[in-house]
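Residue-level structure breakdown
Below are the chains, spelled out letter by letter.
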Amino acid sequence: MFQDNPLLAQLKQQIQETLPKKEGTIKATDRGFGFLEVDNKTSFFIPPPYMKKCMHGDRVSAIIRTEKEKEVAEPQELLEQGIERFIGRVKLFKGKLNVVPDHPQLKKLSLKAKTRKGLKQDEFAEGDWVVAHLIRHPLKGDNDFFVEISEKITDANDKIAPWWVTLAQNDLPKTEPAGIEHWEIKDDADLERIDMTAVPFVTIDGESTKDMDDALYAKKTANGDFELTIAIADPTAYITPDDEMDKVARERGYTIYLPGRNIPMLPRDLADELCSLIEGELRPALCCSVTVSKDGVIGEDIQFFAANIQSHARLAYDHVSDWLETGSSDKWSPSEEIAQVVRDLYDFSLARADWREKNAVVFPDRPDYRFELSEDNDVVAIHADMRRSANRLVEEAMITANICAGKTLQNHFNAGVFNTHAGIKTEKLEDVVKLVNPEQALPFTVESIATLEGFAELRRWLAGQETSYLDNRIRKMQAYSEVGNAPLPHYAMGLDVYATWTSPIRKYGDMINHRMLKAHILNKEPVQRPDETVGEELALHRKHHNIAERTVGDWLYARTLTEEPTKQTVFTAEIFDINRAGMRVRLLENGAGAFIPGSVVMDNKERLACDSEQGLLSIDKEVVYRLGDQLKVTLIEVNQENRSLVAKPAEVFADKPAPEATAS
C-alpha cells in the first residue's frame, strides 16, 4: 500500500536531510556488522542490514541516526570504492559462478560473477584462484554487488599458488623478460675499456647465486692504507636507453626476490650469463678505484673507468667466513695470491666499519630468514642466517662504492638516482627531544637532531642503550627512505650523499647511474638523465616487491607452523608494534610475525591498557611490556586461510582483584 508512495518518499528524504552526516571508511567484521571509521578516535556502529550496501575499505558518506538509544551510521553515498581489482576464489552456487575475495574482512562475501569475453565458465572449478573486478555496487544505484573475472591465476590445489597468487595480487610479472638471439656490445665509440684481466678480482656470493654483479680487489700499501677497486657488471654495454629492453627494465624496476625463487629484471641469458662476472670469463665492467686510509677514511682520488675484467676466483660467503674466522675452511683452500686479496679486503672492511660506527650510522645485526624448499615447494627448513665476516666485507665495499658514485654524480651533474632519507619527521622533532632528553641532561636539541651530524649522533647514542625501547619509539617518528634525482643526505646511514650503481642487473636506477658515470668518464652530456617520476616509480615497485615477499613468507609460515599450537612449542619473540588491540611480535627462531591480542594477556579489559603512541602495554597502570621487549610465547592459532598467526605469552596474567581492591 505504501510502496512507491511519493509523499512517503518525500517525507523520508526530508527526515534524512535533517540528520547529521559523516564521512569515513568502512571497517567490516566477521560478524556481519561494521564500523564507520571517521578518524583515529571516532567511529560509528553499522548494523548488518546497512553493511549489505557497502564493503570493507569503501569510503562513504553516511547519515548518523539514533536507534535503540545508540548512534548508528547508514551509508548513503560512495565516495571512493574500497576495491576494484582483487584476487578471489571461485565458488559455485547451484551451478552459478561466484567469487569470494581473498581478504580477511571480505571472506564472508560471495559475489555473483561473470567471465570476461574470451573466458568460458566451464573452465573454472570450485576453489580456483582468479583476478576479478567489481563492476556493480549498491551505493552506485545497482541492486547488488557484481564482479567480472578477467583471469584465471591457477587451480585450487596448486602448491605454487602462494607465488602465483601473490604476483597477480601485486600485478607483478611471473617470469623474466624474453632474451634475444644475439646480444651486441653497444658502447659509445669513444669509450675505451682498460684491460684489467690480470688483476686478481674475486667475487663473493651465495653458493647458488648466478647473477654475480660485483668483483672486488684490494691491496694494502706499505703505510697500511688500502687501494680498493670495485668492478661492476655492465648491462648498459648491451642495452641503450632507446632499446625495448630498457623500457621493460624500467617497467619492472627491480629483480623480484621471493622465498625460494626470483624473477629477474633482465633476461636470464644476460643477467645470469653474459653480464654475470663468472670466474675465468672475459666481461665488460664499470669500475671505481679509490684509496681508503687505514683509519677508514675514503680518499679524494675517486676514479671511474670502463674495463674488461676476468674474475680469478668465485668464492662463497660461508667458505670465506669460515676461513677468515677460524683460519681454515673444509671447502675452500685459496692460492696465496687470492688469500692475500681476501685478507686485504677484510682488513679494509674492518677499517671502514670502525669509521662508520664512530662517524656515521651502523645498522644492528639481525638475521636474514631463508626458506629452504623441496622440489615440490614444501618448506624443508627455515634458516636464520646472520651476517658473517664475508658478508660484511662485501657490504663495506658496496657502501664505499656507492658513496663514491654519489659524490661523483653530485659534483659533476648535481643529478642522478640517489637514495635519500630525511631523518626525523619535522613535526616529531620536539617529541623526540622530550623522549630522549626529559631532564635536559643530554646535548640533543631540536636544532641539532635536524642536522645530519646530530641525527647520526642520536642514532649512535640509541645503539648504546641497554634496551631497544627508545630506538623502536623513535623509528616510528622517522621519515621513510626515498629514491630521487637530487643529491640529498641519507640520514639513516649517516651519509651526506649515496647513489647505488652496484646492482645494475637487478635495479633499473643503477642502470641510469651507470650511463651517467660513463658520461662523466667521457666528459660528455649523459645519454640519459633521471626524470622527476623515476624515483616515484622505483619506490612504488619496491613497495609492491616488499609486500609480495612478505605475503609469500606469511603463506609459507602458516603452512609450516600449522601444528605448533598442538605441540605447544615455546618461541622467543620480540615486540615490534603495540596497538590498541594488542601486540605484534617477531618469532626470533624463524622470523614469523604473530599477533598477541590484549585479551590473552589479561581478559579484564578494564585493567588492561595498550598505548600505541608510547609503545606500552600496562595492567593496573603498571607497565608489563614495551616495544623491543623479548618474551616467551606459544602459538594458539594458525589460520591458513588468512595466513596469520596468533600467539599468547607463555606466562599470562590471571584476572585477580586489582591491587587497590585487595588493599581495601
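The structure presented is a predicted model; accordingly, all values stated were derived computationally and were not measured. Residue numbers run consecutively from 1 along every chain, following the written order of its sequence. The model is predicted, so local features are restricted to residues of pLDDT at least 70 and side-chain atom pairs to those at 80 or more, both for listing and for counting; the totals for chains, interfaces and linings are taken over all residues. For the side-chain quantities, the full set of heavy atoms in the structure was used; hydrogens and water were omitted.

Now for the overall build of the protein chain. Note on conventions: DSSP H or I runs of at least 4 residues are helices, E runs of at least 2 residues are strands, and numbering of each starts at the N terminus. Of the regular secondary structure elements, the protein chain holds 17 helices and 31 strands. We take the radius of gyration over the C-alpha atoms and set the globule estimate at 2.2 Å times the residue count to the 0.38 power. Against the globule reference of 26 Å for 664 residues, the protein chain gives a C-alpha radius of gyration of 29 Å, in line with a compact fold. Principal-axis analysis of the C-alpha atoms places the extent of the protein chain at approximately 100 × 75 × 50 Å. Only protein chains enter the accessibility calculation, which uses a 1.4 Å probe; a residue is then buried when its area is under 20% of its type maximum, exposed when over 50%, and partly exposed in between. Taken over 664 residues, the protein chain has a buried fraction of 48%. Throughout, a residue-residue contact means that at least one pair of heavy atoms, one from each residue, lies within 4.5 Å. Across the protein chain, contacts joining residues at least 24 apart in sequence account for 66% of those joining residues at least 6 apart.

A few words now on the UniProt feature "domain: S1 motif" (unreviewed entry) in the protein chain. UniProt positions are given in the numbering used here, feature names are shortened, and annotations may be inferred rather than shown by experiment. Under the local residue numbering, the UniProt record ascribes the feature "domain: S1 motif" (unreviewed entry) to residues 568–650. In residues 568–650, helix accounts for 5% and strand for 60%; the two terminal C-alpha atoms are 10 Å from one another.

Within the secondary structure layout, K518 lies in helix 13 (residues 508–522). With relative accessibility at 9%, the residue K518 sits in the buried group. Pairs of N or O atoms are called polar contacts if they sit within 3.5 Å, as long as, within protein, a hydrogen donor faces a hydrogen acceptor (for residues adjacent in sequence, only side-chain-to-side-chain pairs). There is a polar contact of 2.9 Å between the side chain of K518 and the side chain of T236.

On to the pattern of salt bridges. Salt bridges are defined as contacts in which a side-chain nitrogen from Lys or Arg sits within 4 Å of a carboxyl oxygen from Asp or Glu. Inspection of the entire model under this criterion finds 45 salt bridges. The partner of R59 in a salt bridge is E23, and the shortest N-O contact between them spans 3.8 Å. Taken together, the residues span a long stretch of sequence, with R59 in strand 4 (residues 59–67) and E23 in strand 1 (residues 21–28) at a distance of 36 residues. One salt bridge connects D322 with R388, and the closest N-O pair in it is separated by 2.7 Å.

Criterion used throughout: strands pair if DSSP finds at least two bridges between them. Reading across the sheet, the three strands line up as 27-28-29 and stay open at both edges, with antiparallel pairing between neighbours. Across the chains shown, the open sheet's two edge strands, defined by having one partner strand only, are strand 27 (608–611) and strand 29 (622–626). With direction set aside, neighbouring strand axes in the sheet form an average angle of 25°. Bridge analysis of strand 27 against strand 28 (residues 616–619) gives four bridges, and the strand direction is antiparallel. Directly across from A609, in strand 28, lies its bridge partner S618. To define axes, lines are fitted to C-alpha atoms, for helices over the stretch in contact only, and angles between the resulting N-to-C directions are given on a 0 to 180 degree scale.

Side-chain direction in a regular strand flips from residue to residue, so the side chains alternate between the two faces of the sheet. In terms of burial, strand 10 (residues 146–154) is a largely internal element, seven of the nine residues being buried. Direction of pairing for strand 8 (residues 111–115) relative to strand 10: parallel, over a ladder of three bridges. Bridged to A113 within strand 10 is V147.

Quick look at a negative patch on the surface now. Any residue with relative accessible area above 30% and no salt bridge may belong to a patch, with like charges joined within 9 Å and the nonpolar Val, Leu, Ile, Met, Phe, Trp and Tyr side chains within 5 Å. For every accessible area listed, the method is Shrake-Rupley and the probe measures 1.4 Å; residues are considered covered only by the protein chains on display. Asp and Glu count as negative and Lys and Arg as positive, but His and the ends of the chain are not part of the count. Every charge is mapped onto a representative atom, which is NZ of Lys, CZ of Arg, CG of Asp or CD of Glu. A contiguous patch of negative charge, built from E427, E430, D431 and E613, is present on the exposed surface. Mapped onto the fold, E430 is located in helix 9 (residues 429–436).

Moving on to helix 4 (residues 244–252). Within helix 4, burial applies to M245, D246, V248, A249 and R252. For helix 4, the arc enclosing every buried residue in end-on projection is 160°, short of the 170-degree limit, so these residues lie on one face. Turned more than 90 degrees off the buried face of helix 4, the exposed positions are E244 and E251. Those residues of helix 4 hidden inside the fold are in contact with strand 16 (261–263), helix 13 and helix 14 (534–560). Our arc is simply the arc of the directions from the helix axis toward the C-beta atoms.

Attention shifts here to the nonpolar core. We define a nonpolar core as any set of buried Ala, Val, Leu, Ile, Met, Phe, Trp, Tyr and Cys residues linked to one another through side-chain atoms lying within 4.5 Å. In this structure, L266, I309, L315 and W501 are the most contacted members of the largest nonpolar core, which totals 85 residues. Of all the elements, helix 8 (residues 389–412) adds the most residues to this core, at eleven residues. Contact partners of L266, with chain neighbours within four places excluded, come to E176, P177, P235, I239, M245, A249, A271, P504, I505 and M511. W163, I449, Y491 and L556 belong to the second-largest nonpolar core, a separate cluster that totals 55 residues.

In spatial order, the strands read 6-7-8-10-9; together these five strands close into a barrel with mixed pairing. Taken over all neighbouring pairs, the strand axes of this sheet differ in orientation by 55° on average, direction set aside. In terms of strand pairing, strand 9 (residues 129–136) meets strand 10 through seven bridges, oriented antiparallel. Bridge pairing in strand 10 links L134 to V147.

Interface extent is often summarised as the accessible area lost during association of the parts. Here the bounds of each domain stem from an automatic or database domain assignment. On domain assignment, one finds that the protein chain holds domain 1 (19–80), domain 2 (89–158), domain 3 (194–422 + 479–552) and domain 4 (562–649). Look at where the C-alpha atoms of domain 1 and domain 3 centre, and you get two points 50 Å apart.

Another aspect to go through is the environment of D496. In this structure, D496 sits in the loop between strand 23 (482–484) and helix 13. The exposure class of D496 is partly exposed, given its relative accessible area of 48%. C-alpha of D496 to C-alpha of H421: the two residues are 75 residues apart in sequence and 9.9 Å apart in space.

We now examine the packing of aromatic side chains. One pair of aromatic rings is described through two measures. These are the centre distance and the angle between the planes. Side-chain rings of Phe, Tyr and Trp (the six-membered ring for Trp) are treated as a pair once their centres are within 6.5 Å; stacked means planes under 30 degrees apart, edge-to-face means over 60, and tilted covers the remaining angles. Counted under the stated rule, the structure contains eleven aromatic pairs. Ring geometry for F33 against F35: centres 5.9 Å apart, planes inclined by 90°, an arrangement best described as edge-to-face. For F33, a relative accessible area of 21% corresponds to the partly exposed category. On the accessibility criterion, F35 (27% relative accessible area) is partly exposed. Consider the rings of F201 and Y217, whose centres lie 6.4 Å apart with planes at 70°: the pair is edge-to-face. Of this pair, F201 sits in the loop between strand 11 (194–195) and strand 12 (202–205) while Y217 sits in strand 13 (residues 214–220), and the two are 16 residues apart along the sequence. Considered together, F201 and Y217 belong to a single accessibility category, that of buried residues. Each residue in the set F33, F35 and F45 is aromatic and connected to the rest through ring pairs, giving one cluster. Whether a charge sits over a ring comes down to the Lys NZ or Arg CZ being within 6 Å of the ring centre and within 35 degrees of the ring normal. When the ring centre of F45 is taken as reference, the NZ or CZ atom of K70 above it lies at 4.1 Å. When the ring centre of Y469 is taken as origin, the NZ or CZ atom of R626, which lies over that ring, is 4.4 Å away.

The phi angle at D171 is positive, at roughly 55°, despite the residue not being glycine. As for its position among the elements, D171 is in the loop between helix 3 (161–169) and strand 11. A relative accessible area of 61% means that D171 is categorised as exposed. Positive phi values are uncommon outside glycine, yet N523 reaches one of about 55°. Tracing the backbone through its elements, the reader meets N523 in the loop between helix 13 and helix 14.

This next bit is on the packing of helix 4 against helix 13. Remark: helix 4 packs on helix 13, axes separated minimally by 8 Å, with the N-to-C direction vectors making an angle of 130°. Judged on the interaxial angle alone, helix 13 and helix 4 are oblique. Side by side, helix 4 and helix 13 meet where D246, A249 and R250 of the first sit next to Y508, M511 and R515 of the second. Following the grouping adopted for this structure description, the nonpolar residues are Ala, Val, Leu, Ile, Met, Phe, Trp, Tyr, Cys and Pro, the charged ones are Asp, Glu, Lys and Arg, and the polar ones are all others, Gly among them. The residue inventory of the contact of helix 4 with helix 13, partitioned by class, reads three nonpolar, no polar and three charged. When describing relative orientation, an angle under 35 degrees is termed roughly parallel and one over 145 degrees roughly antiparallel, while 65 to 115 degrees is termed roughly perpendicular and anything else oblique.

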